[in-house]
Amino acid sequence: MSTIVQSNMQSQKPVMSDPSGQTLLCLRTLAEPNPASLAAYEKLGGYGQLKRIVSEKVKAVDIITQVKMSGLRGRGGAGFPTGLKWSFMPRYFDGTKYLVCNSDEGEPGTFKDRDILRYNPHQLIEGMAIAAYTLGARVGYNYIHGEIWQDYEIFENALFEAKAAGFLGENIFGSNFSFDCYAVHGYGAYICGEETALIESIEGKKGQPRFKPPFPASYGVFGKPTNVNNTESFASIPWILQHGGEAFAALGVPNSGGTKLFSVSGHVEKPGNYEVKMGMPFSELLGLAGGVWKGRSLKAVIPGGPSTAVMTAEMIQNATMDYDGLSKAGSSLGAGSMIVMDETTCMVKALKRLSYFFYEESCGQCTPCREGTGWLYRVLNRITEGNGKMEDLDLLTDVSSNISGRTICALGDAAATPVISFIKHFRPEFEYYIKHGKSMVEQDSLQVSGIDHTMVNTHISGVQELAKRVYIKDGSDKFGAEPNA
Ligand SMILES: Cc1cc2nc3c(=O)[nH]c(=O)nc-3n(C[C@H](O)[C@H](O)[C@H](O)COP(=O)(O)O)c2cc1C
Ligand code: SF4
């Protein structure tokens, strides 16, 4: 059987993989010897679409129509239709318009965008340049997560290459279209992935979300019209223009066009990024990742990242991996960060770990989020210390419900969702812990697997690294400074 290369988060070199299940579109340079190079991208026709639309003066409205037809939905988590978003940018504006790419990717279990930066940065740059042409943006920024320094350098190098080749800068292809693009180094705060906090951070301010409206399309970077899209969203654009919106839509299923990069982590034999057609059955994707590790059985899956609802094995077994498929099955696609948990996972400790993340990352502007995330963590902490009360379960649900929908940004909802869904689907396990003061799971492998395994392998923010070291060093579950219990 012929092989192609597959990206793997544990290695800087792509590893060989069975090609039967993957459809490489955003990662299409992977089979090339030096996938991140301009030469590799140009060999596959790279920058051909930018050249075509600029030289032929293709109308912005026609490009937006193709993007709408493609069914591309924002890959940053919310799934907002990209073509529609582009149509919100004011056509005429007397001043600079901006384009922002969101490569912040700070949620545990998310690690797809860094592989686009690492293995196919030129496709992202071409996608951004096409978007800039379409929306009339003169300047672009790619905001890259603080701790992925090597990928930041790869992207910067690609910017230099693109500029030297005349694909960026003044009067591109001799036209009157000019676009400058810069890499911006973030500092590792999860909240800076929220688009308005990200914009504040680009402006050199503390990364805290703004009230919306106004939305970035009317008040973005430096108060000017700005379009923000995720890395994978932009990287899909050149293919859409090359093959047409309909062809992209046809790769997927209704309401979920194209391919999707799934970051699969946790208790699987082959964790890594898998780019597959939207609508792939869950079981097939799990199979690509080698299945549940060590011959164990599946207990739970967080299908789209910790801000999406956890699902039991039963709920997800017949689900398809697309927006409607996962919504019908009781969760959501999010950013496609699939965390797999086997039968040995203690759901109480796993939830406590996630709650600590949201507590730690709350920016503190809104009272329900700032205080509520601390409450959630402290109550879960007292349960795992053997001091829980049965009423705590209702308290947890009540506090979560009071955070949801009452905050400036969606981090509040993101913190509430795991709590509500873990308790809803695994309540007996929580009750057992409270009653007996210990986990129902006899051989709790959280320390080397499950949520912590996911973080050890995939989430590399300073806070997480520190947490991991403290955890492993003293074997306890103390993660640095804790709030008062
Ligand atoms: C707390 C929080 C963190 C977020 N982190 C990211 C992120 O890391 N990357 C991302 O693209 N979008 C993230 N988003 C969503 C962005 O605000 C925004 O919707 C997205 O970048 C838009 O791009 P898209 O339409 O292409 O998905 C986050 C949102 C919230 C509330
Ligand atoms: S919801 Fe949380 S993270 Fe978002 S603005 Fe409010 S306090 Fe900050």
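In case you missed it, the structure is sitting above this.
Residues numbered from 1 in each chain as written. Chains lettered and ligands numbered in written order. Predicted model: local features only at pLDDT ≥ 70, side-chain atom pairs only at ≥ 80, totals over all residues. Heavy atoms only, no water.

1. Looking at the side chain of Glu107
- Its place among the elements puts Glu107 in the loop between β3 (98-103) and α5 (113-119).
- Although Glu107 is buried, it forms no salt bridge, and the closest oppositely charged side chain is Lys112 at an N-O distance of 11 Å.
- At a separation of 2.4 Å, a polar atom in the side chain of Glu107 contacts the side chain of Tyr190.
- A polar contact is formed between the side chain of Glu107 and the side chain of Ser307, at a distance of 3.0 Å. (Helix = DSSP H or I, 4+ residues; strand = E, 2+ residues; numbered from the N terminus. Buried < 20%, exposed > 50% of the residue type's maximum accessible area, 1.4 Å probe, protein only. Lys, Arg positive; Asp, Glu negative; His and termini not counted. Salt bridge = Lys/Arg side-chain N within 4 Å of Asp/Glu carboxyl O. Polar contact = N/O pair within 3.5 Å; in protein donor to acceptor, adjacent residues only side chain to side chain.)

2. Considerations on helix α14 (residues 347-361)
- Compared with the 21 Å implied by 1.5 Å per residue over 15 residues, the 21 Å span of α14 between its first and last C-alpha is a close match.
- Of all 15 residues that make up α14, 12 are buried, and the element is covered over most of its length.
- Those residues of α14 lying buried are Met347, Val348, Ala350, Leu351, Lys352, Arg353, Leu354, Ser355, Tyr356, Phe357, Phe358 and Glu361. (Expected span 1.5 Å × (residues − 1).)

3. A closer look at the sheet that holds strand β4 (residues 139-144)
- Strand order across the open sheet formed by four strands is β5-β4-β3-β6, with parallel pairing between neighbours. Two strands close off the open sheet at either side, each with one partner strand: β5 (180-185) and β6 (226-230). When the angles between neighbouring strand axes are averaged without regard to direction, this sheet yields 20 degrees.
- Strands in contact with helix α6 (residues 121-135) are β3, β4, β5 and β6; relative to β3, the strand with the most contacts, it is inclined by about 150 degrees.
- Running over the sheet, helix α9 (residues 231-243) touches β3 and β6 and is turned about 90 degrees from β6. (Pairing = 2+ DSSP bridges. Axes fitted to C-alpha atoms, helices over the stretch in contact; angles between N-to-C directions. Contact = heavy atoms within 4.5 Å.)

4. Considering the sheet that holds strand β8 (residues 272-277)
- The strand order across the open sheet formed by five strands is β8-β7-β13-β10-β11, and the pairing between neighbours is mixed. Edge positions in the open sheet fall to β8 and β11 (311-312), since each of these has one partner strand only.
- Pairing analysis gives six bridges linking strand β7 (residues 259-266) to β8, with the strands arranged antiparallel. Residue pairing in the sheet places Lys260 in a bridge with Val276 of β8.

5. Looking at helix α15 (residues 367-384)
- End to end, α15 covers 26 Å across 18 residues, agreeing with the expected 26 Å (1.5 Å per residue, within 8%).
- Listing the buried residues of α15 in full gives Cys369, Gly372, Thr373, Gly374, Leu376, Tyr377, Val379, Leu380, Asn381, Ile383 and Thr384.
- Where α15 is buried, its residues contact α14, α16 (391-403) and α17 (411-436).
- Immediately beyond the C-terminal end of α15, within one or two residues, lies Gly386, with a positive phi of roughly 90 degrees.

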